[in-house]
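The primary structure of each chain is shown beneath.
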Amino acid sequence: MLVISGKEVSAAVRQTIAEEVKEFKSETGVTPGLAVVMVGDNPASAVYVRNKHKACAEVGMYSEVHTLPASTTEEELLALLRQMNENPALHGILVQLPLPKHINEERVIANISPEKDVDAFHAQNVGKIMIGNYSFLPCTPAGVMELLDYYGIDPAGKNCVVVGRSNIVGKPQALLMLERNATVTVCHSRTKDLASFTKDADILVVAIGRPKFITADMVKPGAVVIDVGINRMEDGKLCGDADYEAISEIASAMTPVPGGVGPMTITMLLKNTLTAAKNFQKK
Ligand code: GUN
């Protein structure tokens, strides 16, 4: 079985991004800049935010991390976003989700300038993706497509089953697969007889956040399995939404956790930040 290594693909793509950043800086004198905002102290979010900051530095981008207390009001957060929207040193703005319950995520996302929305969560960017004319793609689904492309796995004409329908992964993933001419099925918690769908998948993308939920008997022999889940087990180890050990016996290709989709998400964020900086330069 082919191990789809996000670690390897990430390193290659980040190398290219680093070269492009260098070139962009020398041509324009501008350093692409990203602001990452985290509210509260979700430990998983803290790890992601730290990794995003580190990744920016590694490709020569500027980044700033704003860690706000869980007691931050929505108005305070919106005021910070207004400043960031106006700040010419920042080309990308990312508010790490989830936010504390007293803050309305939809309203927050709506108040990020669409030109700086490197997550592609703003309704304007989502709409552009829907009609196939976009600047940014959401980082995780874009990372999945980059992995497939790198290994020469063409979704065209294949049965692609996406398990999960979140705005961050499942829904946009289905759209990107559709755009690449796959026949797409989206399954979710209310799907009846899930296995009957997953067993039909040539490409199975799982993004539900339940450890080892997809078992080998749910996978068609020879399928490509993309596991977006990152779950922390009681022993502290990470595992995906699919049972890697068992499925790797029958799949033709599969992403491990960690080292699969995870590193690609941040890589696509870097790519979007560079794109945003270039777009501002063109204005
Ligand atoms: N939380 C989990 N994934 C993401 C992501 O891609 N972007 C943001 N902003 N928050 C997340």
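Okay, so let's go over this structure. Sequence positions are assigned chain by chain, starting from 1 and proceeding in written order. With the structure being a predicted model, the display of local features is reserved for residues of pLDDT at least 70 and the display and counting of side-chain atom pairs for 80 or more, all residues being used for whole-chain, interface and lining totals. Side-chain numbers come from the whole structure's heavy atoms, not from hydrogens or water.

### Regarding the environment of serine 45
By definition, any uninterrupted DSSP run of H or I lasting at least four residues is a helix, any uninterrupted run of E lasting at least two residues is a strand, and each is numbered from the N terminus. Here serine 45 is to be found in helix α2 (residues 43–58). Overall, serine 45 belongs to the buried group, its relative accessible area being 4%. The sequence separation of serine 45 and lysine 158 amounts to 113 residues, and the corresponding C-alpha distance is 34 Å. Using a 1.4 Å probe on the protein chains alone, a residue whose accessible area is under 20% of its type maximum counts as buried, one over 50% counts as exposed, and one in between counts as partly exposed.

### Considering helix α3 (residues 74–86)
Here α3 is 13 residues long and its end C-alpha atoms lie 19 Å apart, about the 18 Å a rise of 1.5 Å per residue gives. Taken residue by residue, α3 has Glu74, Leu77, Leu78, Leu80, Leu81, Met84 and Asn85 as its buried positions. Along the axis of α3, the buried positions cluster into a sector of 160°, meaning they face one direction only. Opposite the buried face of α3, at more than 90 degrees from it, the exposed residues are Gln83 and Glu86. In the core, the buried residues of α3 are packed alongside β2 (33–39), β3 (62–68), β4 (92–95) and α4 (105–110). Here the expected span of a helix is defined as 1.5 Å times the quantity of residues minus one. This arc is taken over the directions from the axis of the helix to the C-beta atoms. What makes two residues a contact is simply this: any of their non-hydrogen atoms within 4.5 Å.

### So, the site of the ligand
Nearness here has a simple test: a residue counts as near a molecule or strand if at least one of its heavy atoms is within 4 Å of that partner. Looking at the ligand, the residues that line it are Leu94, Val95, Gln96, Leu97, Asp119 and Phe121. Under the rule applied, a polar contact is a pair of N or O atoms within 3.5 Å (in protein, one hydrogen donor and one hydrogen acceptor; residues adjacent in sequence only if both atoms are side-chain atoms). The contact in question runs from a nitrogen atom of the ligand to an N or O atom on the backbone of leucine 97, over 2.9 Å. At 2.6 Å, a side-chain N or O of aspartate 119 approaches a nitrogen atom of the ligand. For accessible areas, the Shrake-Rupley method is used with a probe of radius 1.4 Å. Any residue's cover is judged against the shown protein chains and nothing else. About the coverage of the ligand: the protein hides 82% of its 280 Å² of free accessible area. Each residue is assigned to one class: nonpolar for Ala, Val, Leu, Ile, Met, Phe, Trp, Tyr, Cys and Pro, charged for Asp, Glu, Lys and Arg, and polar for all the others, Gly among them. Along the lines of polarity and charge, the residues of the shell around the ligand split into four nonpolar, one polar and one charged.

### Notes on the pairing of strand β6 (residues 183–187)
Side-chain direction in a regular strand flips from residue to residue, so the side chains alternate between the two faces of the sheet. Of the strand pairs in this sheet, strand β5 (residues 159–163) and β6 are connected by five bridges, and their pairing is parallel. By the bridge assignment for β6, cysteine 160 is matched with valine 184. In this fold, the crossover linking β5 to β6 by way of helix α7 (residues 170–179) has right-handed handedness. DSSP-based pairing: two strands are paired if at least 2 bridges between them are found. Looking down the strands as they point away from the viewer, one classifies a crossover as right-handed if the path from the first strand across the helix to the second runs clockwise.

### Side note on unusual backbone geometry
The omega torsion of the bond from leucine 97 to proline 98 falls at 0°, within 30 degrees of zero and hence cis. Among the structural elements, proline 98 can be located in the loop between β4 and α4. For the peptide bond that leads from valine 257 to proline 258, omega is 0°, which places it in the cis range. Of note, proline 258 is situated in the loop between β11 (253–254) and α10 (261–282). Even without a glycine there, the phi angle at aspartate 193 is positive, about 55°. Mapping aspartate 193 onto the fold places it in the loop between β6 and α8 (194–198). For lysine 212, which is not a glycine, the phi torsion comes out positive at approximately 50°. One can find lysine 212 in the loop between β7 (203–206) and β8 (224–227).

### Structural notes on the packing of α2 against α10
Remark: α2 packs on α10, axes separated minimally by 10 Å, with the N-to-C direction vectors making an angle of 50°. Between α2 and α10, the interaxial angle falls into the category oblique. By crossing handedness, the relation of α2 to α10 is classed as right-handed. Contacts between α2 and α10 involve Tyr48, Asn51, Lys52, Ala55 and Cys56 from the first element and Ile266, Leu269 and Leu270 from the second. Considering only residue class, the contact of α2 with α10 consists of six nonpolar, one polar and one charged. Fitting a line to C-alpha atoms yields each axis, with helices limited to the stretch in contact; the angle taken between N-to-C directions then spans 0 to 180 degrees. If an angle is under 35 degrees, it is roughly parallel; if it is over 145, roughly antiparallel; if it lies from 65 to 115, roughly perpendicular; otherwise it is oblique. With the far helix as reference, a near helix turned anticlockwise by less than a right angle produces a left-handed crossing, and one turned clockwise produces a right-handed crossing.

### Digging into the environment of leucine 137
Checked against the element boundaries, leucine 137 lands in the loop between α5 (123–130) and α6 (139–150). Residue class for leucine 137 comes out buried when judged on its relative accessible area of 17%. Counting along the chain gives 46 residues from leucine 137 to threonine 183, while the straight-line C-alpha distance between them is 20 Å. Discounting chain neighbours no more than four positions away, the residues touching leucine 137 are Ala120, Ile129, Ala142, Leu176 and Asn272.

### Describing the nonpolar core
Ranked by size, the top nonpolar core spans 50 residues in total, and within it Ile17, Met61, Met177, Val205, Val224, Ile226 and Val228 carry the most contacts. The biggest single contributor to this core is α10, with nine residues. Ignoring anything within four residues of it in the chain, the contact list for methionine 177 reads Val144, Met145, Leu148, Pro155, Cys160, Ala182, Val184, Ile203 and Val205. We call a set of buried residues a nonpolar core when its members are Ala, Val, Leu, Ile, Met, Phe, Trp, Tyr or Cys and they connect through side-chain atoms within 4.5 Å of each other. Formed by 19 residues, the second largest nonpolar core is a distinct cluster that contains Val39, Leu90, Ile103 and Val108.

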